[in-house]
Structure formats: structure tokens, C-alpha cells
Amino acid sequence: MQIEQPPVDRVRQKPEGERRGLILINTGNGKGKSTAAFGLALRAHGRGKPVKIFQFVKVPSARFGEHRTFEKLGVPIEGLGDGFSWKSRDLEHSAELARQGWAKAREAILGGEFFLVVLDEITYPLIYGWLPLDEVLDCLRQRPAHVHVALTGRRCPQELIDVADTVTSMELVKHAYQAGVPAQRGIED
């Protein structure tokens, strides 16, 4: 490891633009996409801002760690799907759930009631062709100026990346699964 001197001189240029709602994307093959979006939700909630989280893969009855925590804090989180596609018994039903879920998410975004709307794992119904990309793009463009939207999932379509303000790609460097370690409750749930 190379030892560095901490920076002491910092020239800060203050942006002169107007504050406005942002489109934030967490994508890539590494862990942490949803976790980062949930961190944004906690940060906004901590500032007294209204937040809504939609999960496009998780089932409505899901009781993962994030659900338990957000429910205790009073942050609405809603599962819209029926689990991972490879576990689905009926992919057309999965697609219909995604469309119904998108209608709810779209209403929340355009309604302007929320400071932040999280669309967790939305890339999957998009890349499976279950949701029309153009409709999602139109919604993001038409949202009220104060509404922030965070989108997560692997293989994010380039068209979404193009309209986003901030895009982070999580890079997989090493994963415990590769060493045969199973998922850990509280870390990967």
C-alpha cells in the first residue's frame, strides 16, 4: 500500500446551477446497488423528506431486513413482484405484476408527493421486455422538478443512463459466493 499525505488545500468551486430533482442510477455486477439506494432513502427520511420505495422483484409479503427497518421508521416500502424470474411458475404473471407495479410507481413519481422514489431492481422488468422503456423515460422527464428518482439493477439500459444525472456502476472484485460462502441474513437479504 502506498502511504499518502492527506489533502490540506482544497479549492472548492460552488456549482451555480439550480437545485432540482435528480435521476440516480446504481447498476453493475457488484453488490450494493439496492443498499446504496436504501442509504439515500434513509438520508432523505432523516431530513424529514417523504420517501417511497418500490421493489420490482420482491414479493409484497417480503420480510427482509430492509422491510423490517423501513416499516419501523415509517418509510413505505412495497414489493411488486413474485420473486426471482428463475423461481417464477408463470412469467406472464410476473410481467403483469411488473406492469401493475409500474403503474403505482409512475403515479408516485408524477404525483409529486414524494421527495425521493426508489425503483429497486427496475432494470429487470425493462430488459425482459415486461415494461416499455419509452414509458419509463417519459415519466422521468415529466416528473415534478423537486422529485428525485433512484433506479437500481444490473444491465441498465443505455437510454436510462443517458437521462440520469448520477450513475454509479458497482464493480464485482470478489464475492463470498465464489469461495462457497452462502448468503448471510442481515448482509444479503
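Whatever comes next refers back to the structure up there.
No experiment lies behind these values; they were computed from the predicted model shown.

1. Examining the packing of helix α3 (residues 91–111) against helix α5 (residues 133–142)
Part 1 of the argument: Two elements in contact, α3 and α5, have axes separated by 9 Å at closest approach and are oriented at 15 degrees. For the element pair α3 / α5, the angle class is roughly parallel. Crossing handedness for the pair α3 and α5: left-handed. Where α3 approaches α5, its residues W102, R106, I109 and L110 are matched on the opposing element by E135, V136, C139 and Q142.
Part 2 of the argument: Class assignment for the residues of the contact of α3 with α5 results in five nonpolar, one polar and two charged.

2. Some thoughts on the sheet that holds strand β4 (residues 116–120)
Part 1 of the argument: Spatially, six strands are ordered β3-β2-β4-β5-β1-β6 in an open sheet, and the strand pairing comes out parallel. Each end of this open sheet is capped by a strand with a single partner; those strands are β3 (77–79) and β6 (166–169). For this sheet, the mean inter-axis angle between neighbouring strands, taken without regard to orientation, is 10 degrees.
Part 2 of the argument: Sheet analysis places strand β2 (residues 51–55) next to β4, joined by five bridges and oriented parallel. Note on β4: the bridge partner recorded for F54 is L119.
Part 3 of the argument: Along the sheet, α3 makes contact with β2, β3, β4 and β5 (148–152), crossing β4 at roughly 160 degrees.

3. Structural notes on α3
Part 1 of the argument: For α3, built from 21 residues, the straight-helix expectation of 30 Å at 1.5 Å per residue is met to within 8% by its first-to-last C-alpha distance of 30 Å.
Part 2 of the argument: Within the span of α3, buried status applies to S94, A95, L97, A98, G101, W102, A105, A108 and I109. Projection of α3 onto a plane perpendicular to its axis shows the buried side chains occupying an angular sector of 155 degrees, all on one side. Across from the buried face of α3, at angles greater than 90 degrees, the exposed residues are E92, E107 and G111.
Part 3 of the argument: Turning to α3, the residues buried within the fold contact β2, β4, α4 (123–127), α5 and β5.
Part 4 of the argument: The opening residue of α3, the one whose side-chain oxygen lies 3.1 Å from the backbone nitrogen of E92, is D90.

What counts, and at which threshold
Residues numbered from 1 in each chain as written. Predicted model: local features only at pLDDT ≥ 70, side-chain atom pairs only at ≥ 80, totals over all residues. Heavy atoms only, no water. Axes fitted to C-alpha atoms, helices over the stretch in contact; angles between N-to-C directions. Helix = DSSP H or I, 4+ residues; strand = E, 2+ residues; numbered from the N terminus. Parallel < 35°, antiparallel > 145°, perpendicular 65-115°, else oblique. Left-handed = near helix turned anticlockwise from the far one by under 90°. Contact = heavy atoms within 4.5 Å. Nonpolar A, V, L, I, M, F, W, Y, C, P; charged D, E, K, R; others polar. Pairing = 2+ DSSP bridges. Expected span 1.5 Å × (residues − 1). Buried < 20%, exposed > 50% of the residue type's maximum accessible area, 1.4 Å probe, protein only. Arc of directions from axis to C-beta. Polar contact = N/O pair within 3.5 Å; in protein donor to acceptor, adjacent residues only side chain to side chain.

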